[in-house]
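Fold and contact review
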Amino acid sequence: VTTTGTIRAGAAQVAARLIIAVLCRVGLCAVGLCAVVGCAQDDGQPTQDESSARPGGALTVEVTNDTAYALPAPKASVEQRRSFFVGNSLFSNSWVTAPSSVVGRDGLGPTFNAAACASCHVRDGRGRPPLAEDEAASDLLLRLSVPGDGEHGEPAPDPVYGGQLNPRAVLGVEAEGQLFVRYAEAPGVYADGAPYSLRVPTYEVLELAFGPLDPQVMMSPRVPPAVAGLGLLEAIRAQDIEAGADPDDLDGDGISGRVNHVWSARRGRVEVGRFGWKANQPDLEQQTAGAFLGDIGVTTSLFPSENCTSAQALCLAAPTGGAPELEDDSLAHVTLYLHLLAVPARRRVGDEEVRRGEALFREVGCGGCHVPTWQTAPAGSDEGLALLQGQTIWPYTDLLLHDMGEGLADGRPDFEASGSEWRTPPLWGLGLQQVVNGHMFLLHDGRARGFEEAILWHGGEGQRSRDAFTQLDAASRAALLAFLGAI
Amino acid sequence: MLVCAALSAGAVSCAEDDAATQGPTATQRQGAVTHYAAVVYASYQESAARVDALKVAIDAFLDAPSAQTHQAAKDAWNSAREVYGQTEGFRFYDGPIDGAGGPEDRINAWPLDENFIDYTRAGAGLEVQLTGIINDPTAYPEITAEALIAHNTASGEKNISLGFHAVEFLLWGQDFNADGPGDRAFTDYLTGADATAPNSDRRAQYLRVATAQLQADLQQVLAAWAPDVAGNYRAQMSAEDPDLALRKVFQGMGTLSGAELSQQRAFTAYAQQDQEEEHSCFSDTTHRDMLANALSLQNIFEGRAGTFEDATRFISPSADTSLYALISAADPALADRIRAELQAAVDAAKAIPAPFDQAILPSNPEGRAKLLAFVESLEEATKGLVAGAAALGIKDLNTELAE
């Protein structure tokens with residue numbers, strides 16, 4: 001295979017990428033081979049290096065400080081930029097208890113995890129688990145469900161505590177309970193004898209206000225991910241995501257890759273899931289409305305009922321901040337805000353070690369699920385914002401569900417996702433997480449203390465790549481980590 | 001040079017590429033930094049003095065509550081706001097006010113969680129909800145500075161319970177009036193045998209403590225900008241490369257103008273159209289906040305500090321150490337353009353009708369047009385400030401990160 005052609009959206013390009021992904025998975029990947037995707041040579045189009053250096057395409061910002069996830073798309077129109085800041089205001093400022101003078105911002109709770117989106121998505125970044133055994137979880141939330149499905153296939157909530165543990169409440173209402181985590185170190189060694197250690201979490205819910213959780217309760221702890229670049233992921237066409245699925249592993253590479261099909265409350269139909277740790281949300285609007293209700297206790301037209309179960313009398317009796325509390329135009333501003341958050345440019349472009357790490361990333365098969373590059377919906381199509389269309393992006397995800405093995409399993413199904421499946425998270429921007437959020441905790445519950453541990457936790461469909469990583473020598477491992485730190 | 005001058009009248013300054021040779025000298029740059037620090041100090045000094053006066057007025061009010069002493073306290077709050085608002089251009093670069101350990105979120109946080117502080121009603125004439133720290137002696141036995149600081153933005157949360165707006169709420173109360181501010185009665189503070197409102201002694205204590213904390217927080221900022229104090233922020237800024245210091249100056253102005261004031265405060269209120277989507281919602285003085293913030297930009301650019309009536313009362317600009325003078329040395333036309341843009345923003349701010357909460361309503365197209373004009377004037381001024389910084393060799397200014 002040689003490198004030819006300009007970047008084009010559409011089936012041919014997707015097919016080419018899939019072929020390459022397959023070749024890469026079966027070990028035929030060479031550095032030059034994957035360059036077929038998203039690159040071109042003598043026709044004025046960007047090379048792969050140039051393209052991947054700007055992972056958000058036109059939504060890329062050159063920034064390496066703690067504002068790296070927080071900036072608007074450089075080419076947003078005046079109107080979009082204004083809406084972005086209205087959304088930012090609603091994302092960042094705290095919600096207050098109803099009734100209050102600021103009617104557009106009251107309706108916190110009655111029970112909640114946080115008073116503002118930005119409380120947990122600090123600087124639009126990633127939250128963290130507690131740092132000590134006696135520190136109650138704050139950013140880290142706990143999803144709850146019992147066996148069975150809801151009306152549209154969603155998880156059935158705990159009958160007393162609802163679908164999510166809310167550790168805080170407005171004055172006069174009981175907080176539901178507090179989540180604590182303890183870790184046990186699990187040591188291991190690389191092929192070259194170098195030691196490592198993973199921390200295995202145990203979760204405990206204390207101070208339960210309404211007695212014990214349901215005996216059959218299933219719990220899933222989750223940290224909030226960074227939110228920059230999500231608009232571009234929504235701009236990937238559903239058919240392109242579906243095209244990458246291989247549910248029965250027909251190519252026999254040990255990687256299935258399934259689409260989660262979830263309920264769209266806005267459109268009243270089943271759609272491709274793409275957001276959330278199990279891809280249980282179809283789009284940013286619903287993801288946002290779901291988080292406003294589940295995390296902050298703020299209702300929207302999509303989710304108009306306060307999350308007080310019938311067992312929670314004080315919660316049910318508390319004043320509300322209107323119906324809904326977050327009005328449709330405000331929800332639209334926050335949603336646009338999330339669409340327009342730009343992606344930081346790659347660092348260390350052209351650096352030899354990073355280049356080597358990038359090759360190793362392919363060789364050990366990471367790219368089988370962390371698919372490096374995508375084309376967003378074609379310019380001029382009727383899907384999404386024009387600003388986000390026709391972009392070559394480098395998120396390093398296939399947006400599909402993969403069985404990640406027992407070690408990571410939460411045992412809690414979510415629509416079509418099983419208790420051991422997780423959606424491949426994007427990797428772009430993670431290299432700046434330390435700068436933005438002051439920690440490098442990774443994976444769905446923040447148990448990994450950096451890239452290395454996150455890789456070592458991979459089981460199931462990721463087992464083969466994880467094992468290949470453990471066979472690398474120290475310099476090669478360092479190179480791969482350097483690559484992850486640069487994207 | 002002729003080509004350059006002609007071009008520089010346009011949107012983009014060509015001086016950007018040769019600022020090192022044609023721009024202001026290193027001495028001028030250092031002089032501008034020195035003058036900036038003097039402007040900052042004078043502004044905070046007056047702000048702190050007026051908060052001290054507010055404390056005196058509030059103590060007098062609480063010692064002898066009456067309509068007169070109540071009004072005097074409210075007047076003192078307005079006086080303090082007028083000057084504090086003119087310090088907000090000193091934010092957004094991790095300086096003493098809002099960098100690590102800075103007290104900004106105790107001084108000026110918004111929106112206030114009024115329900116977390118004292119009783120509220122859901123609307124005019126509706127039943128009082130007896131909530132908040134003041135009305136819950138069991139859960140909050142002591143109202144001390146330490147306790148309130150612990151509750152303010154506690155554990156990653158933002159139950160905003162301190163600062164100017166907390167004092168404002170405790171003086172004015174909720175605003176349910178179309179044509180005026182909140183009308184909390186002074187009798188809320190009558191204690192002992194005269195008491196008519198529950199927990200009035202605790203309310204008085206809260207107001208005293210919150211005002212005292214405001215004093216302490218402003219003193220903290222003031223100390224960081226005091227002249228001739230080894231190792232304080234001002235000393236560090238004076239010692240650093242003046243271009244690095246000037247980058248901070250422009251970033252503060254550009255962020256206030258480009259993201260915070262124009263977008264987060266003015267346009268957000270315009271878009272939300274909710275009564276009380278305004279920072280000083282209890283006192284109905286948000287139009288004054290807007291003017292004070294716009295003046296803050298103009299003050300820094302011109303190198304002065306003052307009041308609404310007398311813009312140079314505390315510091316007068318010197319001929320060669322204002323930002324105007326500095327940019328003039330690189331590109332006189334650009335300096336004049338920025339001066340005009342900032343004047344336009346100040347004029348637009350003055351044109352916003354009061355009360356602000358009525359000006360933003362859909363039923364008031366004229367008020368809304370004035371507010372939008374203010375937004376647009378700041379958007380233009382921001383471009384000017386970015387170009388002005390670039391003319392001094394300060395590239396890629398980030399003005400997009402609001403609070």
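1. Considering the overall build of chain A
- Summing up its helical and strand segments, chain A has 15 helices and 15 strands in all.
- Compactness check: chain A gives a C-alpha radius of gyration of 22 Å against a globular reference of 23 Å for 487 residues, within 12% of the reference.
- Projected onto the principal axes, the alpha-carbon positions of chain A cover approximately 65 × 55 × 40 Å.
- A buried classification covers 60% of the 487 residues belonging to chain A.
- Contacts in chain A between residues far apart in sequence, at least 24 positions, make up 68% of those at least 6 positions apart.
- Split by element, the accessible area of chain A, about 17,400 Å² in all, is 55% carbon and sulfur.
- When the 36 positive and 61 negative side-chain charges of chain A are each reduced to one mean point, those points stand 5 Å apart.

2. A word on the pattern of salt bridges
- The full count for this structure, using the stated rule, is 46 salt bridges over all chains.
- Each of B:Glu88, B:Arg91, B:Asp98, B:Glu104, B:Glu260 and B:Arg265 takes part in salt bridges that share partners, so that together they form one network.

3. Considerations on the pairing of strand 7 (residues 195-206) of chain A
All names here are of chain A.
- Two strands pair when backbone bridges link them, and strand 6 (residues 178-189) and strand 7 are joined in this way by 12 bridges, in the antiparallel orientation. When the sheet's bridge partners are listed, Tyr183 is paired in strand 7 with Pro201.
- Counting the residues between successive antiparallel strands, the hairpin from strand 6 to strand 7 contains 5 residues, one of them, Gly193, with a positive phi of roughly 95 degrees.

4. Topic: the interface of chain A and chain B
- Of the residues lining the interface, 39 residues belong to chain A; the matching set on chain B comes to 45 residues.
- In this assembly, chain A packs against chain B so that about 3,200 Å² is buried in total across both faces, 50% of it on carbon and sulfur atoms.
- Scanning the region where chain A abuts chain B turns up 4 salt bridges.
- Secondary structure elements with two or more residues in the side of chain A that touches chain B: helix 4 (78-92) and helix 10 (328-340) of chain A.
- It is helix 4 of chain A that contributes the most residues to the side of chain A that touches chain B, 10 residues altogether.
- Among the residues forming the side of chain A that touches chain B, the class breakdown is 18 nonpolar, 16 polar and 5 charged.

5. Section: the pairing of strand 8 (residues 218-222) of chain A
Residues and elements named next belong to chain A.
- Counting buried residues along strand 8, 4 of its 5 residues qualify, which places the element largely inside the surrounding structure.
- Inspection of the sheet shows strand 3 (residues 141-149) paired to strand 8 by 5 bridges, in the antiparallel sense. If you follow Leu144 over to strand 8, its bridge partner there is Met219.

6. Here's the deal with the state of the cysteines
Residues and elements named next belong to chain A.
- Evaluation of the coordinates by the stated rule reveals 1 disulfide over all chains.
- Bridging Cys308 to Cys315, the disulfide has an S-S length of 2.0 Å. Linking Cys308 and Cys315, the disulfide has an S-S dihedral of approximately -65 degrees and is accordingly described as left-handed.
- What makes Cys308 buried here is its relative accessible area of 13%.
- Residue Cys369 stays outside any disulfide, its sulfur separated by 9.3 Å from that of Cys366, the closest cysteine.
- Overall, Cys369 belongs to the buried group, its relative accessible area being 12%.

7. Considerations on the packing of helix 4 of chain A against helix 10 (residues 242-272) of chain B
- With their axes 8 Å apart at the nearest point, helix 4 of chain A and helix 10 of chain B run at an angle of 85 degrees to one another. With respect to each other, helix 4 of chain A and helix 10 of chain B are oriented roughly perpendicular. For the pair helix 4 of chain A and helix 10 of chain B, the contacting residues are A:Arg81, A:Arg82, A:Ser83, A:Phe85, A:Val86, A:Asn88, A:Ser89 and A:Leu90 in the first and B:Gly258, B:Ala259, B:Gln263, B:Gln264, B:Phe267, B:Thr268, B:Ala271 and B:Gln272 in the second.

8. Notes on helix 11 (residues 286-302) of chain B
All names here are of chain B.
- Helix length check: helix 11, at 17 residues, gives a terminal C-alpha distance of 24 Å against a target of 24 Å (1.5 Å per residue), a fit within 8%.
- Counting buried residues along helix 11, 15 of its 17 residues qualify, which places the element largely inside the surrounding structure.
- One or two residues past the end of helix 11 sits Gly303, with phi positive at roughly 75 degrees.

9. Some details on the confidence of the model for chain A
- A residue-level look at chain A finds 91% of positions with pLDDT of 70 or above and a mean pLDDT of 90.
- Residue range residues 1-42 of chain A is modelled with pLDDT below 50. Its contacts to residues more than four positions away, or to other chains, number 78 contacts.

10. Notes on the environment of A:Asp398
Residues and elements named next belong to chain A.
- Relative to the assigned elements, Asp398 resides in the loop between strand 13 (392-393) and strand 14 (401-403).
- Along the primary structure Asp398 and Arg258 are separated by 140 residues, whereas in three dimensions their C-alpha atoms are 9.8 Å apart.
- At 2.7 Å, the side chain of Asp398 and the side chain of His402 are in polar contact.

11. Examining the packing of aromatic side chains
- The full count for this structure, using the stated rule, is 23 aromatic pairs over all chains.
- Consider the rings of A:Tyr396 and A:Phe483, whose centres lie 5.9 Å apart with planes at 80 degrees: the pair is edge-to-face. Separated by 87 residues along the polypeptide, A:Tyr396 in the loop between strand 13 and strand 14 and A:Phe483 in helix 15 (residues 474-486) bring together distant segments of the chain. Like A:Tyr396, the residue A:Phe483 is buried in the burial classification.
- Both rings, one in B:Phe169 and one in B:Phe282, keep their centres 5.0 Å apart while their planes meet at 45 degrees; by these two values the pair is tilted. Of this pair, B:Phe169 sits in helix 7 (residues 164-172) while B:Phe282 sits in the loop between helix 10 and helix 11, placing them 113 residues apart in sequence. There is no split in this pair, since B:Phe169 and B:Phe282 are both buried.
- Members of the aromatic cluster, each reached through a chain of ring pairs, are B:Tyr36, B:Tyr44, B:Phe90, B:Trp225 and B:Tyr233.
- Between B:Arg81 and the ring centre of B:Phe164, over which it is positioned, the NZ or CZ distance is 5.0 Å.

Thresholds, definitions, all that
Residues numbered from 1 in each chain as written. Chains lettered and ligands numbered in written order. Predicted model: local features only at pLDDT ≥ 70, side-chain atom pairs only at ≥ 80, totals over all residues. Heavy atoms only, no water. Helix = DSSP H or I, 4+ residues; strand = E, 2+ residues; numbered from the N terminus. Rg over C-alpha atoms; globule rule 2.2 N^0.38 Å. Buried < 20%, exposed > 50% of the residue type's maximum accessible area, 1.4 Å probe, protein only. Contact = heavy atoms within 4.5 Å. Areas by Shrake-Rupley, 256 points an atom, 1.4 Å probe, with all protein chains shown as cover. Lys, Arg positive; Asp, Glu negative; His and termini not counted. Charge placed at Lys NZ, Arg CZ, Asp CG, Glu CD. Salt bridge = Lys/Arg side-chain N within 4 Å of Asp/Glu carboxyl O. Pairing = 2+ DSSP bridges. Buried area = accessible area lost by both parts, 1.4 Å probe. Nonpolar A, V, L, I, M, F, W, Y, C, P; charged D, E, K, R; others polar. Disulfide = S-S within 2.5 Å. Axes fitted to C-alpha atoms, helices over the stretch in contact; angles between N-to-C directions. Parallel < 35°, antiparallel > 145°, perpendicular 65-115°, else oblique. Expected span 1.5 Å × (residues − 1). pLDDT = per-residue confidence, 0-100. Polar contact = N/O pair within 3.5 Å; in protein donor to acceptor, adjacent residues only side chain to side chain. Phe/Tyr/Trp six-rings, centres within 6.5 Å; stacked < 30°, edge-to-face > 60°. Lys NZ or Arg CZ within 6 Å of the ring centre and 35° of its normal.

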